[in-house]
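Structural features, examined
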Amino acid sequence: MSQERFTTSREVYHRIRWDSRHDAREFVVGYDAHRGAMEEMPFEAFIPDGEIPWHRVWYFKRGTQMVWDRKSRIDLLSNARPVEEPAPSPSITVPGFTPLPAWRYDARLGAWTQASCDPGHALPSVAPLTVATFNVLFDLYDAELLATERRTSAALALLRETHADVIALQEVTPSFLKGLLSEPWVREHYWLSDGPSAQTVTPYGQVLLSRVPLASVWQRVFSRDKRIITAELHLSGNSLWVATPHLTSDRDASGASARAVQVEALLEWARVLGSTSDTAAPDLVLAGDFNFGDGAPEAESFARAGFVDAWSTLRPSEAGETFNPRLNSLAALTTVSGALRRLDRVLVSSPSDRLAPESVELFGEAPLPGPPGPTGQALFASDHFGLRCVLRREAVASSEGLTARSSTALVHHTALVLIPPDDVWDPIQALRKKHDAKFQRWMPHITLLYPFVPEEDFETAEAILVDALQGFEPFDVTLSAFGHFEHRANATAWLRPDDQPSGALAALHAKLVAALPECASSAHGGFTPHLSVGQLPLSSDIARTLAEWQRAWRPLKFRVGELCLIRRKGDSPFEVIRRIPLAQAHRAIPEHEDAPLRDALVSIGAVESHEGHAARTAAVEQLRQHCERIGATLHPYGSYLLGTDGAGSDVDAVAIGPAELSRDAFAQALLQALAPGTARYVADAAIPLVKLTLGGVSFDLAYAGRPEGVPPEEPLTLLERHGEQLDPAGLRAVLGLADTLGLLDAVTRDAERTERFRSLLHAVKAWARARGIYSHALGYLGGLSWTLLAAWACTRATPDAMRSDAALLAHFFGTFAAWPWPQPVTLTAETARYRPEGKRDLLPVIAPALPARNTARNVSRSTSRVIREELLRARERVARARASRTPSAWAALFQPLSANETPPAALRLSVDAPTAEDREAVAGWILGHVTALVYRLEGDRRLTVRPMQAAGTLIVGLDVREARDSAALSWHPSSPLFAAVEAFRASFQEWTHRPSSAVLQVEWVRGHDSARSDAPVS
């Protein structure tokens, strides 16, 4: 047996991902799903270092061919050495710029190599792009004072922690580059603009690192140590060019004139790229040390050229100095003027409107742990602070979509605050004027929510808050004592507001967070009411200073009767825009407008009859008796328990029994107790179910066995005390009940609101079914997800929205048509901490019971687009119906898909089996696995997919976004479409419980043309 090192799964992944000889869309990943059970996913759906660790990846296949297998040590990808090709001739020539090679680490050779630039791979995602820039400080002068070796290791650790997709470095020396090239995380993840030969960093220079392959690399040289490094990256839908400048500083006598030449070179580069591109003008990002401050002429030049400054756009109220001699001992050592300046910037120009700054922050602000530096003062990683910027990427350039997204993103130039009355300002302002650097920007205030929604959403926020604060009475506050928060660089001194009655401020904040959970902040370890009066250096005796202030302070008491929405524009101070008085009375409900909506719902059979609900209640009682005879207790949940079941609704339930009654034993006992042919046990489902019918009512019944020795107890108590001991299927079933109880708790606190919620959910479900997007299995939203959305909208609705069912339905569609996905929809404060991660969190709707879970994890790239488009369509239809007030106008909302709305091509999936039971089992398997087919199809980024059910047949509609991509709909043995279907058919063939005589038929249909795949699986 060969003793050669076997290639790891991580190395194989990256070889497939980035080797231009391989098409990643052809591959699938086989992994250990649970206790040895193997499952597959499309290669492009796999997230490195995500939910599935590398050691659980067992094989990679191209189609049906095994190309790497851990167990049998097959590795067909590593036999042939990759042949380096000469760099392609440049497609765009910018005067003064010359090409450079790109570098990447070859794990097989164990060395950095000059790689042929790769213009053929686009980043297959619309995930945010993170850019970091850092001037790492060369040690060409005063080396004995800089402790470079210690700083280098610290700087590399900081850069790794940014998790940036693109890193721009300035003042890189050959020794720093050597350390960078030896880092495992750099070798594994990044392409570089320079390598071991150190062409661009002698004596120092700039280096670009990119997780995305570099399509081309260029430099513009001004002098021995002044240059611009640029690189081209291919993202989905458009090119991105990144440049890192290090402009000449004012330390040089001719700095301003030299910098003017460099700025003009950058602007000319941008103009040429925009005018010579074969397609749309590319997006541009400049990240580096610009060596000018705010208000400089150079800043105006970039603004006139269409560049957006990320910091001043997102955080206009904060100075954001990246060079701060007052806080940074190295900056104090290297400064000439002593001025605090924002020298490092990220500038963005996006002609496609697909790229925009979403968040920006400093890093490297804290001194390094351990002993002081050679000067005796705290040592920092550099004399500059770094800048980390997240850029939002949109798949489609749409002014409406961008407006909707930006209108709900939190900003740092608005806030919800409590402002003391003017007559108590004088002693507060006397302190702030002396000690608070932000004296001119902020009035005296107690922050309640910050950052906050943009000003264009103030009206909506005000309505939500007015409703949330119904009955909240005014209260007293006394500013009596001082406290402080310690930060990395300084301390904030503040006055403590003592409230009367005690706890009023905390209760007020809790109501605000419940109304607007997206604005919740965990700063300072939770909500600590305070009124800031200044900043103090950490080197001072803070306790003594505050004690001196305390001796001279006289308590200030005032009445809190209103909250203030404030905003700041540019360099102007914050100002009050809206005031929200406490203790508002409910507004009168206007005349009812719901009759036409109800008529439309009746006409489509969406309104439940009294007899239908009574039949379900009787069937539930009958099943309860069966379960009790077996030794289990029955707990219905879902729409039945919520009272939102409608015509033809199934009943979801869980039976809970003792440890000695196994799931299989319970299922067999129940099947024997029921009439033959009325029930079957689906043992291979994610949650094994008994599917049965009693009195015409269908049930999906799961089972959970209590742990050994645990007596019967309430389900929530069982979950809290023994949840970790339940098996996975039992735990998921009991969590379904807990989710329903959590929903009930949220929506049943007010009788009128409860009835509105039930009416809203009936209408939403009827609409979703009509439009074909009511199905978790098909990759849309299931019943729990739609219920959670309805509950969220209902519990946050304003009094105006609650005045009628029609108004509440308009509020629902208005809210979610503009929702800033992937921001999660969370119903409780406990689940508001959920953070989206990966491709399974495109439209996260979070279950109310802990642990926090996304109920919409089957949503894919295509189905998320379908859902968003349908929400927009519904918003328009509801607006027309409310204006018309006729049943026919409301009926248009619930109109099923018409022929001109269906995709031009489709895959029709059907089954053939000798018995009805076999047909039902196979249909269930297809429905449970169709998302795997969708993910495979979406591996071809040109395709959009729309799964549908029609007349008992499952149809997967196929379309392309651009006419030039029509080849993606081709149906022949070598097409990606055909390969995806074959892979799906192969997984059906491997199904362990497949009825031996069952046949899966897949038919490709386009217009009047149709074709079957090679041969049906049998």
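What you are looking at is a predicted structure, and each value in this text was computed from that prediction instead of being measured.

The next subject is the packing of helix α2 (residues 148-162) against helix α3 (residues 174-181). Remark: α2 packs on α3, axes separated minimally by 11 Å, with the N-to-C direction vectors making an angle of 45°. Classified by the interaxial angle, the pair formed by α2 and α3 is oblique. Where α2 crosses over α3, the handedness of that crossing is right-handed. Side by side, α2 and α3 meet where Thr152, Ala155 and Leu156 of the first sit next to Phe176, Gly179 and Leu180 of the second. Considering only residue class, the contact of α2 with α3 consists of four nonpolar, two polar and no charged.

In regular strands, side chains alternate between the two faces of the sheet. Within strand β16 (residues 283-289), seven of the seven residues are buried, which leaves the element mostly enclosed by the surrounding structure. Relative to strand β18 (residues 344-349), β16 runs antiparallel, the two being bridged by six bridges. Across the sheet, the residue bridging to leucine 286 is leucine 347, located in β18.

Further remarks concern the side chain of serine 210. Position of serine 210 among the secondary structure elements: in strand β12 (residues 205-210). Owing to a relative accessible area of 2%, serine 210 belongs among the buried residues under this scheme. Among the polar contacts made by the side chain of serine 210, one reaches the main-chain carbonyl oxygen of valine 212 at a distance of 2.7 Å. Residues in contact with serine 210, not counting those within four places in the same chain, are Asp165, Val166, His189, Tyr190, Trp191 and Leu233.

It is worth spelling out the packing of helix α22 (residues 805-817) against helix α23 (residues 861-884) at this point. As a packed pair, α22 and α23 sit with axes 9 Å apart at the nearest point and diverge in direction by 150°. By the criterion of interaxial angle, the relationship of α22 to α23 is roughly antiparallel. Note that α22 runs across α23; the crossing there is left-handed. Across from Ala806, Ala807, Leu809, Ala810, Phe812, Phe813, Gly814, Phe816 and Ala817 in α22, the residues of α23 making contact are Leu871, Leu872, Ala874, Arg875, Val878 and Arg882. Of the residues assigned to the contact of α22 with α23, the class counts are twelve nonpolar, one polar and two charged.

All chains considered together, the criterion is met by four cavities of 30 Å³ or more. Of the pockets and cavities examined, the second largest cavity occupies roughly 70 Å³. Along the walls of the second largest cavity sit 13 residues, with Val136, Leu137, Thr148, Thr152 and Phe176 positioned nearest its centre. When contributions to the lining of the second largest cavity are tallied by element, the ones reaching two or more residues are α2 and α3.

Our next topic: the environment of leucine 465. If you trace the backbone, leucine 465 turns up in helix α11 (residues 458-468). Measuring from C-alpha to C-alpha, the distance between leucine 465 and leucine 563 comes to 9.8 Å, with 98 residues separating the pair along the chain. For leucine 465, the contacting residues outside a window of four places in its chain are Leu416, Phe452, Leu512, Ala515, Leu516 and Ile580.

The subject of this paragraph is the pattern of salt bridges. The tally for this structure, following the rule as stated, stands at 36 salt bridges. A salt bridge links arginine 680 to glutamate 920; the nearest nitrogen and oxygen atoms lie 3.1 Å apart. With arginine 680 in strand β31 (residues 679-682) and glutamate 920 in helix α25 (residues 916-938), this pair connects stretches of sequence that are 240 residues apart. Arginine 680 sits in the buried class, given a relative accessible area of 15%. Of the charged contacts, one joins aspartate 739 and arginine 853 as a salt bridge, the two residues approaching to 2.8 Å between their closest N and O atoms. Taken together, the residues aspartate 739 in helix α19 (residues 728-747) and arginine 853 in the loop between α22 and α23 connect sequence positions 114 residues apart. Owing to a relative accessible area of 25%, arginine 853 belongs among the partly exposed residues under this scheme. Three or more residues are tied together by salt bridges with common partners; here these are Asp250, Arg259, Glu298 and Arg341.

About the thresholds
- Residues numbered from 1 in each chain as written.
- Predicted model: local features only at pLDDT ≥ 70, side-chain atom pairs only at ≥ 80, totals over all residues.
- Heavy atoms only, no water.
- Axes fitted to C-alpha atoms, helices over the stretch in contact; angles between N-to-C directions.
- Helix = DSSP H or I, 4+ residues; strand = E, 2+ residues; numbered from the N terminus.
- Parallel < 35°, antiparallel > 145°, perpendicular 65-115°, else oblique.
- Left-handed = near helix turned anticlockwise from the far one by under 90°.
- Contact = heavy atoms within 4.5 Å.
- Nonpolar A, V, L, I, M, F, W, Y, C, P; charged D, E, K, R; others polar.
- Buried < 20%, exposed > 50% of the residue type's maximum accessible area, 1.4 Å probe, protein only.
- Pairing = 2+ DSSP bridges.
- Polar contact = N/O pair within 3.5 Å; in protein donor to acceptor, adjacent residues only side chain to side chain.
- 1 Å grid on protein atoms, 1.4 Å probe; cavity = no way out; pocket = protein on both sides within 12 Å on 5 of 7 lines; lining within 4 Å.
- Points joined across faces, edges and corners; volume = space filled by probe spheres on them.
- Salt bridge = Lys/Arg side-chain N within 4 Å of Asp/Glu carboxyl O.

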